[in-house]
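# Survey of secondary and tertiary structure
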There are 2 protein chains.
Amino acid sequence: MSKKCALGIDYGTNSVRALVVDTATGREMGTCVYNYPSGDAGIITDGKDANLARQNPADYVRGLEASVTGAMAQARKLGVRGTDVAGIGIDTTGSTPIPVDGKGTPLAFAKEFRKNPNAMAWLWKDHTGHAEAAEITEAAKKLRPHYLAKCGGTYSSEWYWSKILHCRRADRKVFESAEAWVEHADWMPAYLAGDTRPERIKPGICAAGHKAMYNDAWGGYPDAEFLKKIDPVLGALRKKMWSKAYTSDNKAGRLSEKNAARLGLPAGIPVAVGAFDAHMGAVGAGVSEGRLVKVLGTSSCDMAVLKNTRKIKDVPGLCGIVDGSILPGYYGFEAGQSAVGDIFNSFVRDFVNGRTENAASGKKTDVHTYLSQEAGKLKAGESGLLALDWHNGNRTVLVDPRLTGLVMGYTLHTTAVEVYRALVEATAFGARVIVEREEEYGIPVREIICAGGIAEKNPLVLQIYADVLQKMIKVARSSQTCALGAAIFGAVAGGAHKSVTAAQKKMTGIKKETYRPRTREKKTYDRLYGVYRKMHDSLGMPGTRTDLSGVMKELLDVKAEAAG
Amino acid sequence: MSKKCALGIDYGTNSVRALVVDTATGREMGTCVYNYPSGDAGIITDGKDANLARQNPADYVRGLEASVTGAMAQARKLGVRGTDVAGIGIDTTGSTPIPVDGKGTPLAFAKEFRKNPNAMAWLWKDHTGHAEAAEITEAAKKLRPHYLAKCGGTYSSEWYWSKILHCRRADRKVFESAEAWVEHADWMPAYLAGDTRPERIKPGICAAGHKAMYNDAWGGYPDAEFLKKIDPVLGALRKKMWSKAYTSDNKAGRLSEKNAARLGLPAGIPVAVGAFDAHMGAVGAGVSEGRLVKVLGTSSCDMAVLKNTRKIKDVPGLCGIVDGSILPGYYGFEAGQSAVGDIFNSFVRDFVNGRTENAASGKKTDVHTYLSQEAGKLKAGESGLLALDWHNGNRTVLVDPRLTGLVMGYTLHTTAVEVYRALVEATAFGARVIVEREEEYGIPVREIICAGGIAEKNPLVLQIYADVLQKMIKVARSSQTCALGAAIFGAVAGGAHKSVTAAQKKMTGIKKETYRPRTREKKTYDRLYGVYRKMHDSLGMPGTRTDLSGVMKELLDVKAEAAG
């Protein structure tokens, strides 16, 4: 065992996880998860408004102590002492801004606001600001089109300014009581360092660049003139904001005496600037130039990097391009599919019959595993089906939440197993659209590292991805890549490694089992992808006029060939 | 009780039903069903060839005695005597040709052929002749395009000449032993009359016109020159064939002494010329000009009539237009949907979860009824879904078996109940395409009489049809319209009524419960039908190039309005 460790703290949607990692080997020495006690699995909702999703910042504070002390207790059994911890890194969901007072205390901690969701953290998936998002997009289209070009052409209701503007419209009292709106990823390190005063916050480039239209090219956050045109109060707010955002290899501060005592660690440990979970997760999975990381869970997050000395173009349809948001010294490219595992879950929830459910439990396995095993017995194209993976809209490259799922090729004999496989294939085709777009714009994708629940559990999905994408698919060694990524930034901020890439070399790895693209499947999937693209473009891209009368027959031909 | 009765005998796919009907009131006095003992529920299949479907003609003969004596035994309890039976009518499936010897005896009755499926009746749904069908279509396109115009542009593998030609290619011995190929509908009346010699057969216009390209306009059956070009033996066969086909108000003969004794009826009862089940079923349901009959079962059969003194055009995509095939003195128009109930069955078989199955059995009902009840609680458009009802291809108006089913509009929250409703709506939209095509070509459809299993059991389907089609939907009073229709022809052939239409007035009726088109649903369904037509034309009609990028949004808009 090396003497040095790093601590990663990963704030997710429902819980927070702490992870103690050996900085020399990446060995995970201790971990602990704390489930948020508030609301519905940590999410404050509103029966009257499905768009509302908030978090209680008190859960963040309680969860810090519980998760870190738990992880350290495990690590101590392996000989790790508090003094071995070189640094602390933190990731959170985002954009999750918190309205705070002049001391940086969340408004929700004040008695008068304790039960007001508008005073809490506005969770990433809160969509209450959809009208404001449209307003901001329209204004930027007219006044600052270059702002939009870096975030795929549309400003989202999930993002920073939409939420603030919505609060201003919906709850004047909360808005006026807020001295600043601080991203959860920025507030957490400040809290550990014992100083949350807004003017002392060191904002991360990840949140600022991907969600708040920050870019050094135009002097940081969007200019006050522009924001004033949308609403005068936004202009005023902008003037109080930070002038610079930082990559996460920088220190945000050092662990305060008070927090050190609570966590059972020595005071003064460096705390890195915060970033989002998916971005630090990509680092923990081993992202590098040419090595795309795909986090496969309920949705997918596709992260790629390119040295910031290279010339890049804006990539139409990509959600974000930010210098340093993933790896310092590299442009970070964020893309994703709005639903992957969620599509399979939704199918299993409602469209799998009792006979199949019983067959799964007869084999002492869950329905997903059973369906995957059965679907694995089919050949590519044998189902005669083709699906579009738009059950939750399309994030990349169409950037359109108002698209829906489709399944075609049904006969009277179509089975649930066949549809399940078609849905898996559809997500693979969706993944291929993203990769092809990136390659077309000069972002090389030589291999793909998968992480997340599906990567851990479903070999069928990974083999189909290898066959459809014709790329080597590998799986990240760690099953908690986000916390590992945070620990890596902690290690670098604490001086245990000289750079993030150097730390990655020591602390990340891939699993033994890899998935190679197969030639025979390539031929079939190229044909099916052709059909997918025809449907994708026809139904998703205005102005496309394609003769689709051959697509069902093409599916029948492919099916006949697969069977014959 | 009137003194006169008529006997209808309905030969279906799995069984034969006899029905004794009061000719003055349509009251059903006795009925009996005989299930064919041979094969799989009456169908001889071949594990190696899914296209093969035959019937054992011995089942027809055994079933005749069993069903008629059973029905008469019931009727006798209500005071009906054998001498009260004015006439006998017979319907069968078709095209179901039987190879027979010089005496008209089915080859399958000969010892050497007893187990040879090629010597049996070639059931309507036998598709072994698909290559020969394509060959005949090609030849007709080049040499006799007017032949094709009357059967929708494509000669089917289900039809007379395809089957004969396939036998010639596949089993020379059977082919050479056959003196003639007699449709089941033509053979049965001859058998009752005690004389099946081919030259004495009186072929029905229904089978000849719809399946064998018979038309008085070109001198009956297709000319020998044309058939010779396809295969010389067909030309030779043609020369021995009948010169004229008859409507079913004509007598084929009179009940023979021998059969009379077996059936317990007096000899000499007139036996009407035979026709197909769907056609006689339309008559039993009350078809008339402006009153389309829709038989809703596993598939749909849509029958309409128009006085033969009117000028008509060929209707593109309609499977058949034959003078007198349904009602004497009227053109008969046959259209249909390749699958209706089969689509719902296939969904219930594989895509309804155990929870729903349990809920249905908890309510002591079957899954179809449960899903229909739940789907009935949804508003039109509320599911956000749209389906294409092509799971078994499209018969009318696209005439393309190589089309498949589609469901679009899935979200992560879509339920089985919603999909079930969307499938019902899809079949309604498919029905609307047929009706609009008929109206466009001058065939009036003022109201629709439904018959068949779904019409009897599923009010949701009928109400949706009324709303989508904006037509009054009524249900035939009899639940055995085919046998009733056969009895009507028996009554007319036997002189109990002067004409089929006069007999219909007395002997048919509709149920009390009718389904009125609703205005509010009209608006929604007109919009959804617009989306259906866009998808229908784009995916089903070569050369169509439509911008489909708005269709998913249109479904979401309709959904939001329905919910709001």
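Look above for the structure.
Residues numbered from 1 in each chain as written. Chains lettered and ligands numbered in written order. Predicted model: local features only at pLDDT ≥ 70, side-chain atom pairs only at ≥ 80, totals over all residues. Heavy atoms only, no water.

### A look at the nonpolar core
Counting residues in hydrophobic clusters, the biggest one holds 162 residues, and the most contacted among them are A:Phe347, A:Met408, A:Met535, A:Leu539, B:Met408, B:Met535 and B:Leu539. Among the nonpolar cores identified, the runner-up in size contains 79 residues, and B:Tyr60, B:Tyr191, B:Leu192 and B:Met241 belong to it. (Core = buried A, V, L, I, M, F, W, Y, C linked by side-chain atoms within 4.5 Å. Buried < 20%, exposed > 50% of the residue type's maximum accessible area, 1.4 Å probe, protein only.)

### Examining the sheet that holds strand β20 (residues 472–475) of chain B
Residues and elements named next belong to chain B. Strand order in this open sheet of six strands is β15-β16-β14-β13-β19-β20, and the pairing throughout is mixed. Strands at the two margins of the open sheet, each flanked by one partner only, are β15 (320–323) and β20. Pairs of neighbouring strands in the sheet enclose a mean axial angle of 25°, with direction left out of account. Direction of pairing for strand β19 (residues 445–451) relative to β20: parallel, over a ladder of four bridges. Counterpart to isoleucine 449 in the pairing with β20 is lysine 474. In the packing of helix α17 (residues 459–469) onto the sheet, contacts are made with β13 (290–296), β19 and β20, and the angle to β20 comes to roughly 150°. (Pairing = 2+ DSSP bridges. Helix = DSSP H or I, 4+ residues; strand = E, 2+ residues; numbered from the N terminus. Axes fitted to C-alpha atoms, helices over the stretch in contact; angles between N-to-C directions. Contact = heavy atoms within 4.5 Å.)

### So, unusual backbone geometry
Here the amide bond leading from A:Gly94 into A:Ser95 is cis, since omega sits at 0°, within 30 degrees of zero. Its location among the elements puts A:Ser95 in the loop between β6 (85–92) and β7 (97–100). Cis geometry marks the peptide bond from A:Thr396 to A:Val397, where omega comes out at 5°. Position of A:Val397 relative to the elements: it lies in the loop between β17 (386–388) and β18 (405–410). Positive phi is not limited to glycine here, since A:Lys364 has a value of about 55°. By the secondary structure assignment, A:Lys364 is in the loop between α13 (354–362) and α14 (367–376). Not every positive phi belongs to a glycine, and B:Met213 is a case in point at roughly 60°. Positionally, B:Met213 belongs in the loop between α7 (205–211) and α8 (224–230).

### As for the pattern of salt bridges
If you walk through the whole model with that rule in mind, you get 71 salt bridges over all chains. In this structure, A:Lys228 and A:Glu225 form a salt bridge, with 3.6 Å as the shortest nitrogen-oxygen distance. Within this pair, A:Lys228 and its partner A:Glu225 are both found in helix α8 (residues 224–230), separated by three residues, close to a single helical turn. Of the residues examined, A:Lys228 reaches a relative accessible area of 40% and is grouped as partly exposed. A:Asp557 is the partner of B:Arg402 in a salt bridge, and the nearest nitrogen-oxygen pair spans 2.8 Å. Residue B:Arg402 is found in the loop between β17 (386–388) and β18 (405–410), and its partner A:Asp557 is found in helix α21 (residues 551–563); the two belong to separate chains. Among the charged side chains, a salt-bridge network with shared partners connects A:Glu135, A:Arg168, A:Arg169 and A:Asp231. (Salt bridge = Lys/Arg side-chain N within 4 Å of Asp/Glu carboxyl O.)

### Quick look at the interface of chain A and chain B
Each partner contributes to the interface: chain A provides 51 residues, whereas chain B provides 51 residues. Summed over both sides, the interface between chain A and chain B buries roughly 4,400 Å², with carbon and sulfur atoms accounting for 54% of that surface. Contact with chain B buries area across many residues of chain A, yet A:Phe351, A:Leu412 and A:Met552 alone supply 18% of it, more than any other trio. At the boundary of chain A with chain B, the tally comes to six salt bridges. Taken together, the links from chain A to chain B amount to 32 residue pairs in polar contact (both at pLDDT 80 or more). Its residues assigned to classes, the side of chain A that touches chain B shows 23 nonpolar, 17 polar and 11 charged. Note: β18(A) against β18(B), five bridges, orientation antiparallel. For A:Val407, the partnering residue across the bridge sits in β18(B) and is B:Val407. (Buried area = accessible area lost by both parts, 1.4 Å probe. Polar contact = N/O pair within 3.5 Å; in protein donor to acceptor, adjacent residues only side chain to side chain. Nonpolar A, V, L, I, M, F, W, Y, C, P; charged D, E, K, R; others polar.)

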